[in-house]
Amino acid sequence: MKLVIAIIKPFKLDEVREALSGLGVQGMTVTEVKGFGRQKGQTEIYRGAEYSTNMVPKIKVEVATTDDLAGRVVEAIQQSANTGAIGDGKIFVLDVAQAVRIRTGETDDVAL
């Protein structure tokens, strides 16, 4: 199993969600976050307004998936979140040792 973590621009969330739904991804966790990367908080456009800050608002999307689907999940996020501009974000893929569905006790791939 893999945990795919993507840091994306906020206005790209709907496109990413639709792309992942098209792959059959049944769940994800979305968090509003702030941070900076190479742009070091340079001027960016957010909700139509240009501003300069050292912490830029982003969205963190987390998807737990099977090993065989992880590559397609990464590709779907990359394509749907891409604007071609600085600050498009990053995608991280981590190994997951175990998953347990609390309600039923199902484990690993079945729990996803």
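Our subject is the structure listed above.
Residues numbered from 1 in each chain as written. Predicted model: local features only at pLDDT ≥ 70, side-chain atom pairs only at ≥ 80, totals over all residues. Heavy atoms only, no water.

**Q** Run through the sheet that holds strand β1 (residues 2–8), naming residues and quoting values.
**A** Here we have 4 strands laid out as an open sheet, ordered β2-β5-β1-β6, and antiparallel in their pairing. Taken across any chain shown, the strands that pair with only one partner, and hence form the sheet edges, are β2 (29–35) and β6 (89–95). The average undirected angle you get between the axes of adjacent strands in this sheet is 20°. Sheet topology places β1 next to β6; 7 bridges connect them, and they run antiparallel. Across the sheet, the residue bridging to alanine 6 is isoleucine 91, located in β6. The strands touched by helix α2 (residues 67–81) are β1, β5 (56–65) and β6; relative to β1, the strand with the most contacts, the crossing angle is about 5°. (Pairing = 2+ DSSP bridges. Helix = DSSP H or I, 4+ residues; strand = E, 2+ residues; numbered from the N terminus. Axes fitted to C-alpha atoms, helices over the stretch in contact; angles between N-to-C directions. Contact = heavy atoms within 4.5 Å.)

**Q** Lay out unusual backbone geometry with the relevant residues and their values.
**A** With a phi close to 55°, aspartate 108 is a non-glycine residue in the positive phi region. Assignment of secondary structure puts aspartate 108 in the segment after β6.

So, to be careful, I would describe these as geometric facts and stop short of saying anything about function.
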